[in-house]
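Letter by letter, the chains look like this.
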Amino acid sequence: MKFTKMSLVAALLVGSSAFAIDNIKMSGDAKVYYSTQDAPSGYDNAYNAFTTGYANQKGSLFSKDSSAADIAVSLDLTADLYKNDMFSISAGTGLTAITTLGLENNFVSNVWAGSHTATAGTGASYGTVNGGALGGAKVENAMWVDEAWVAVSAGKSTIKLGRMELDTPLAFTETWSVEKNTFEAAVLINQDIPDTTLVGAYVGNGNGTEAFGQNLQSNVQGLGLAVGPVVNNNGKFGTYGVDGAYAVGAINNSWKPLTAQAWYYNVMDVATAYWLQADLNLEGILAGAQYSAVKADAVGAKEDNVYALMLGYEMKDTFTVKVAYSDVNKNGSLGAAGFNTATSTGASKLYTEAWWNYGYVITRDTQTISASVTANVATVDLGAYYTDANQGDNILAGFVGTDMQEFTLTAGKDFGPLNATLAYIRTKADDQNIKVGSLKGSAYNTVQAYLTVNF
């Protein structure tokens, strides 16, 4: 459930492949997400925990201050507006609402979504320092239009304009959290070349928690309350990067077992980047290779790059096992490679990306190994995931690398339109859950529950 992904073509052309004047479709979902951990809650890094005096406060599973929850409802509507022998027109819109139902500083002290706004409390109104997050905070609900687009198709070409989801390697919609980021863009897709999809896009705005060129972090994140933030406060859209971005890509599947793709990005006045990837699925044998690089426009900037390799085996409808390795160079100017340029806290598409603790595998001078096993047993989807990210030390600069190990177990089952998933995560990271006087974090446990009703 964590990594529910849409194919590139589906993300770009949803609702525009079949046309009938009365083809109006409504869909959506309702989500209830809950997370609890036995480490100081509300802090993604130990620096905050240390400086606010929570370093000695050991949280417990299911206690209020170490737990987070949110409820989200999304509604989407698509319609085919016109069709003749030459072209067709379709359109779509979507709405997302996020609410805590008043659970903050009552049942939980933290939230999932970054789209909330929050006001620091007085302690007397919303809890005490030890009984409420950061002295208590009032969290407001949020609602915004996440999609509003029109698409025109002619032959094997489609142009889509407006507010939409995107799925490209270095700029994409995060779907793992209770909220999702979207973009305001113009996208052209063409499939005239056999077994090849060509994509060109201009992305002007985004509502992710952008840090690539500018930062639009929400108030609730500033208070350290959100555990899964990927959207700006109230879904606010801001300029993507500094002056927008251009992207072009090609995906080829001429030999059916192999899918190859190449992408180039120009984030105006910020950086250029590219992504190369090839994936093989030959009678259940899985193999893949990725390479990505980004270079800042600043004079004298050095390129950040990462490569990743994957090997696995899949027995259809039974189990899948994978192992992967990635390596980020240590001399890049940005200090990271292979990241989602649309968000500052989300996942990357590297094979080695962790199940929950994002951001480690993309950092400079980091070597990561990962392994996963997924299976369906008696209609229950089971998963086991391990990630070990090790960052090198820079003795000359006095820099001690940040290491992270994560082990995750998941179990999920569908009950008609309802999906229920449980996750257990054990984390040991040098910059999390640090005890006073130590330079390395202690291991801690996280339990999460996801309920999603699709309609």
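Residues numbered from 1 in each chain as written. Predicted model: local features only at pLDDT ≥ 70, side-chain atom pairs only at ≥ 80, totals over all residues. Heavy atoms only, no water.

A. Structural view of the overall build of the chain. Tallying secondary structure elements over the chain gives 3 helices and 23 strands in all. Taking all 455 residues of the chain together, the buried fraction comes to 50%. Accessible area of the chain: about 20100 Å², with a carbon and sulfur share of 61%. (Helix = DSSP H or I, 4+ residues; strand = E, 2+ residues; numbered from the N terminus. Buried < 20%, exposed > 50% of the residue type's maximum accessible area, 1.4 Å probe, protein only. Areas by Shrake-Rupley, 256 points an atom, 1.4 Å probe, with all protein chains shown as cover.)

B. Looking closely at the nonpolar core. In this structure, Leu-166, Val-187, Phe-212, Tyr-240, Tyr-265 and Leu-350 are the most contacted members of the largest nonpolar core, which totals 45 residues. Take this core: its biggest share by element is 4 residues, from strand β10 (residues 183-190). Ala-72, Val-231, Ala-347 and Tyr-450 belong to the second largest nonpolar core, which has 19 residues in total. (Core = buried A, V, L, I, M, F, W, Y, C linked by side-chain atoms within 4.5 Å.)

C. Molecular detail of the pattern of salt bridges. This structure, assessed with the given rule, holds 7 salt bridges. The residue Arg-163 makes a salt bridge to Glu-184 at a minimum N-O spacing of 2.3 Å. On the criterion of sequence distance, the pair formed by Arg-163 in strand β7 (residues 157-164) and Glu-184 in strand β10 is long-range, its members being 21 residues apart. Looking at Glu-184, the relative accessible area reads 23%, which means it is partly exposed. The partner of Asp-430 in a salt bridge is Lys-440, and the shortest N-O contact between them spans 3.3 Å. You can see Asp-430 sitting in the loop between β22 (418-429) and β23 (444-454) and its partner Lys-440 sitting in the loop between β22 and β23, a full 10 residues away along the chain. Look at Asp-430 and you get buried, because its relative accessible area is 9%. When its relative accessible area of 41% is taken as the criterion, Lys-440 is described as partly exposed. (Salt bridge = Lys/Arg side-chain N within 4 Å of Asp/Glu carboxyl O.)

D. Inspection of the environment of Pro-417 at higher detail. Note that Pro-417 resides in the loop between β21 (404-415) and β22. Sequence spacing of Pro-417 and Thr-452 is 35 residues, and the spatial spacing of their C-alpha atoms is 8.1 Å. Other than its neighbours up to four places away in sequence, Pro-417 contacts Thr-452, Val-453 and Asn-454. (Contact = heavy atoms within 4.5 Å.)

E. Structural context of unusual backbone geometry. At Asp-195, a position not held by glycine, the phi torsion is positive, near 60 degrees. For Asp-195, a relative accessible area of 38% gives the class partly exposed. Unusually for a residue other than glycine, Asp-317 sits at a positive phi of about 65 degrees. Inspection of the secondary structure puts Asp-317 in the loop between β17 (304-315) and β18 (319-328). Judged by relative accessible area, Asp-317 falls into the exposed class, the value being 70%.

F. Region of interest: the pairing of strand β1 (residues 24-37). Of the pairings in the sheet, the one linking β1 to strand β2 (residues 67-83) comprises 13 bridges and is antiparallel in character. What sits directly across from Val-32, in β2, is Ile-71. Summarising the sheet, β1 and β23 pair through 9 bridges and their orientation is antiparallel. Pairing of Gln-37 across the sheet is with Thr-446, part of β23. (Pairing = 2+ DSSP bridges.)

G. Broad picture of the confidence of the model for the chain. Of all residues in the chain, 84% attain a pLDDT of 70 or more, and the chain-wide mean is 86. Below a pLDDT of 50 lies the segment residues 1-21, which in the model reaches 62 contacts outside its immediate sequence neighbourhood of four places, other chains included. In the model, residues 41-57 has pLDDT below 50 throughout and makes 35 contacts with residues more than four positions away in sequence or in other chains. (pLDDT = per-residue confidence, 0-100.)

H. Broad picture of the packing of aromatic side chains. For the structure on display, the rule yields 16 aromatic pairs. The interplanar angle of 25 degrees and the centroid separation of 6.3 Å between the aromatic rings of Trp-263 and Tyr-265 together place this pair among those described as stacked. As far as the burial class goes, Trp-263 and Tyr-265 line up, both buried. Look at Trp-355 and Tyr-450: their rings are 6.3 Å apart centre to centre, the planes differ by 85 degrees, and that puts the pair in the edge-to-face class. (Phe/Tyr/Trp six-rings, centres within 6.5 Å; stacked < 30°, edge-to-face > 60°.)

I. Here's a closer look at the side chain of Asn-232. Residue placement: Asn-232 occurs in the loop between α3 (219-222) and β12 (238-239). A polar contact of 3.0 Å, which involves the side chain of Asn-232, links it to the backbone oxygen of Gly-208. (Polar contact = N/O pair within 3.5 Å; in protein donor to acceptor, adjacent residues only side chain to side chain.)

J. View of the environment of Ile-362. Note on placement: Ile-362 falls in the loop between β18 and β19 (366-377). Taking the C-alpha atoms as reference points, Ile-362 and Asn-340, 22 residues apart in sequence, are found 9.9 Å from one another. Apart from residues no more than four positions distant in its own chain, Ile-362 is found in contact with Val-328, Gly-335, Ala-336, Ala-337, Gly-338, Phe-339, Ser-348 and Leu-350.

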